[in-house]
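Structural characterization, general
Read off the chains here:
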Amino acid sequence: MSNKMWGGRFGEGPDRIMEEINASIGFDQRLFAQDIQGSKAHCTMLAEKGIISRTDADQIIDGLDKVLAEIEAGEFAFSRELEDIHMNVESRLTELVGAAAGRLHTARSRNDQVATDFKLYVRDTLDHLDEQLKDFQLALLEKAEAHADAIMPGFTHLQTAQPVTFGHHCLAYVEMAARDRGRMQDARKRLNLNPLGSAALAGTSFPIDREMTAKALGFDGPTRNSLDAVSDRDFVLEALSASSIAAMHLSRLAEEIVVWSTPGFDFIRLPDSFTTGSSIMPQKRNPDAAELIRAKSGRVIGALTSLLIVMKGLPLAYSKDMQEDKEAAFDALDALSLSLAAMTGMVRTLTINEPSMKAAAARGFSTATDLADWLVRELNLPFRQAHHVTGSLVAKAEARGCDLDGLSLEDMQAVEPGITKDVYSVLGVENSVASRTSFGGTAPENVRQMAAFWRKELEQS
């Protein structure tokens, strides 16, 4: 028996294998709200333009509301034989209102219908992710405000480089998240044109009003080319690209949380709610949430790569390959949303071990650059010469098993006679951090000022 939604072209029903590969209802059913939203806007427009009667339109919209209520209540029976969310909704609508349901598909195709549904879904998801990123920023900001003075080592190559503050470190991720939000907001602006009315690929001969449906669905206007509207998925690709960068940022912080929570660092402690134990080692507190966030970035990045490969060889207009645009995208956007929720929770609830951080900041000759700067500033040495002198002093301190401030003045003057006792004023980590007053630097006062800036920005965003 042919699929009644396909019409009379096919005399036999699909083989079970064909049904299995062709059906998308197992994953695209999550588009139900957007599908019904688009159908109601389309139906209203058809009636307004006199393409269908007001009576039929009222019946259709009433029926769509009933279908929506059934799905939301978990009372809707999805059918694989009906392939996708569009056919499932239309079939149930026919059962509810009869022949009038058949008029709903006038002047549209599943091609422009699915493009519209998916745009609405991605737009909703980008709005949700933007709110989550903002909450993540607020959690980081709270930590930055509370720990503007907490000294920790700054690293390059994961080697101790210069002292910084924990607040400064947190604000680095506030900046990253701000750019992530900007990319998502930018992607939202570009996607916000309405494909509905493009029909299969060439538009329609019916006198539709695409501006009307665009306005009803919150789009800035209709798409300008019907071929492009139904055949491209760059709005998904751009959302996945922005999501991949955001996931990468989360993964970097997750990696730091994993490292910082080890006994070797002992910089932070995660609460029990974000750690797990071992089945054999009772002492273990594993940072599983951070590790999973680190891993889930691969799923997000993989979805972007997957869809790029799906799309790269497709001629205009629609091809069935494009059914593969949704499952990986849904998974990736879900993974990012969950990762954001978990990371925000960890940031809010972790506690820092300030003495351990400060002690680590003092190791590894982290004030060597401060010494070189002092030689330039006070003795007027060229920086390269000051760099060489400082390197010699580091070697001497290393040989004696002490830090730079453990060298005597005589030891230092043996390398550079012009050094005075004033040099010790720059060798403590507190002095080092306090001196970094250049815009964007780690000085505690800078951190407080930048935290105040971000507090104001986030209150207005």
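Let me begin by describing the structure that accompanies this report.

Rules and cut-offs
The written sequence of each chain sets the order in which its residues are numbered from 1. Local features are withheld for residues below a pLDDT of 70 in this predicted model, meaning they are given only at 70 or higher, and side-chain atom pairs are given and counted only at 80 or more; totals for whole chains, interfaces and linings count all residues. Side-chain descriptors were evaluated using all non-hydrogen atoms of the structure, hydrogens and water having been removed beforehand. A helix here means a DSSP run of H or I that spans at least four residues, while a strand means a run of E at least two residues long, and both kinds are numbered starting from the N terminus. Atoms counted for the radius of gyration: C-alpha only. Globule rule: 2.2 Å times the number of residues to the power 0.38. Working definition: with a 1.4 Å probe on protein chains only, accessible area under 20% of the residue-type maximum means buried, over 50% means exposed, and in between means partly exposed. Only the protein chains shown count as cover for residues, and the accessible areas themselves come from Shrake-Rupley with a 1.4 Å probe. Helix span, as expected, comes to 1.5 Å for every residue beyond the first. It is the directions from the helix axis to the C-beta atoms that the arc portrays. Contact between two residues is taken to exist if any of their heavy atoms lie within 4.5 Å; hydrogens are not considered. What we call a nonpolar core is a set of buried Ala, Val, Leu, Ile, Met, Phe, Trp, Tyr and Cys residues that are connected through their side-chain atoms within 4.5 Å. N or O atoms closer than or at 3.5 Å make up a polar contact, with two conditions inside protein: a donor-capable atom paired with an acceptor-capable one, and, for residues adjacent in sequence, both atoms drawn from side chains. Any carboxyl oxygen of Asp or Glu within 4 Å of a side-chain nitrogen of Lys or Arg constitutes a salt bridge here. What makes a patch is a set of residues exposed beyond 30% relative accessible area and free of salt bridges, joined within 9 Å when like-charged and within 5 Å when nonpolar (Val, Leu, Ile, Met, Phe, Trp, Tyr). Whether two strands pair depends on DSSP finding at least two bridges between them. Any two rings among Phe, Tyr and Trp, with Trp reduced to its six-membered ring, count as a pair given centres within 6.5 Å; such a pair is stacked if its planes are under 30 degrees apart, edge-to-face if over 60, and tilted if neither. Whether a charge lies above a ring is judged from NZ of Lys or CZ of Arg, which has to be within 6 Å of the ring centre and within 35 degrees of the ring normal.

**Quick word on the overall build of the chain**
- Counting secondary structure elements, the chain contains 18 helices and four strands.
- For a compact globule of 461 residues, the expected C-alpha radius of gyration is about 23 Å, and the chain comes in at 30 Å, more than 25% above that figure.
- The principal-axis extents of the C-alpha atoms in the chain amount to approximately 100 × 50 × 40 Å.
- Every one of the 461 residues in the chain was classed for burial, and the buried ones make up 49%.
- In the form shown here, the chain has an accessible surface area of approximately 21800 Å², with 52% of it arising from carbon and sulfur atoms.

**Thoughts on unusual backbone geometry**
- Cis geometry is found at the peptide bond from Leu316 to Ala317, where omega equals 10 degrees.
- Residue position: Ala317 is located in the loop between α11 (288–311) and α12 (327–349).
- Phi is positive for Glu83, close to 70 degrees, though the residue is something other than glycine.
- What makes Glu83 buried here is its relative accessible area of 4%.

**Observations regarding helix α15 (residues 383–400)**
- With 18 residues, α15 ought to run about 26 Å at 1.5 Å a step, and its terminal C-alpha atoms sit 25 Å apart, in line with that.
- Of the positions making up α15, those classed as buried are Ala386, Val389, Thr390, Leu393, Val394 and Ala397. In a view along the axis of α15, the buried residues occupy a sector of 145 degrees, so they form one face of it. Facing away from the buried surface of α15 by more than 90 degrees, the exposed residues are Arg384, His388, Glu398 and Ala399.
- Check the buried side of α15 and you find it contacts α14 (368–379) and α16 (409–415).
- Gly401 sits one or two residues past α15 and shows a positive phi near 70 degrees.

**With respect to the nonpolar core**
- Within the largest apolar cluster, 100 residues are counted, with the highest numbers of intra-cluster contacts made by Phe136, Phe166, Leu240, Ile268, Leu336, Met343 and Met346.
- The biggest single contributor to this core is helix α10 (residues 234–260), with 14 residues.
- Ignoring anything within four residues of it in the chain, the contact list for Met343 reads Phe136, Leu250, Leu253, Ala254, Ile257 and Ile293.
- Of all hydrophobic cores here, the second largest spans 20 residues; its members include Ala386, Leu393, Ala397 and Val423.

**Details of the environment of Asp232**
- Assignment of secondary structure puts Asp232 in the loop between α9 (226–231) and α10.
- Residue Asp232 is classed as partly exposed on the basis of its relative accessible area, which comes to 26%.
- Leaving out residues up to four positions away in the same chain, Asp232 has contacts with Met311 and Met322.
- From its side chain, Asp232 meets the backbone nitrogen of Asp234 in a polar contact 2.8 Å long.

**Describing the pattern of salt bridges**
- By the definition in use, this model includes 28 salt bridges.
- A salt bridge links Glu48 to Arg54; its shortest N-O distance comes to 3.0 Å.
- On the accessibility criterion, Glu48 (46% relative accessible area) is partly exposed.
- Through salt bridges that share partners, Glu70, Arg92 and Glu95 make up one connected network.

**Structural notes on a nonpolar patch on the surface**
- On the surface, Leu201, Leu227 and Leu316 cluster together into a nonpolar patch covering about 270 Å² of accessible area.
- Among the structural elements, Leu316 can be located in the loop between α11 and α12.
- On the basis of relative accessibility, which here comes to 63%, the residue Leu316 falls in the exposed class.

**Comments concerning helix α13 (residues 354–362)**
- For α13, every residue scored as buried is listed here: Ser356, Met357, Ala360 and Ala361. Here the buried residues of α13 occupy an arc of 135 degrees about the axis, which is enough to place them on one side.
- Buried residues belonging to α13 abut β1 (151–156), β2 (159–165), α7 (166–191), β3 (268–269), β4 (351–352) and α17 (429–435).

**Quick word on the pairing of β2**
- Summarising the sheet, β1 and β2 pair through six bridges and their orientation is antiparallel. When the bridges of β2 are listed, Gly154 appears paired with Gln162.
- Between β1 and β2, which pair antiparallel one after the other, the connecting turn spans two residues, and His157 there sits at a positive phi close to 60 degrees.

**Examining the packing of aromatic side chains**
- Counted under the stated rule, the structure contains eight aromatic pairs.
- Considering the side-chain rings of Phe265 and Phe267, the 5.2 Å spacing of their centres and the 80 degrees angle between planes classify their relative orientation as edge-to-face.
- For Phe267, a relative accessible area of 1% gives the class buried.
- Ring geometry for Phe453 and Trp454: centres 5.3 Å apart, planes at 75 degrees, overall edge-to-face.
- Overall, the relative accessible area of 39% leaves Phe453 in the partly exposed class.
- The ring of Phe219 carries the charged tip of Arg123 above its face, separated from the ring centre by 4.9 Å.
- It is Lys326 that lies over the ring of Phe118; its NZ or CZ is 5.6 Å from the centre.

**Description of the side chain of Ser198**
- Along the chain, Ser198 falls in the loop between α7 and α8 (210–216).
- What Ser198 contacts, discounting residues up to four positions off in sequence, is Asp112, Gly203, Arg210, Thr223, Ser226, Ala229 and Val230.

Read these as spatial facts, not as claims about activity.
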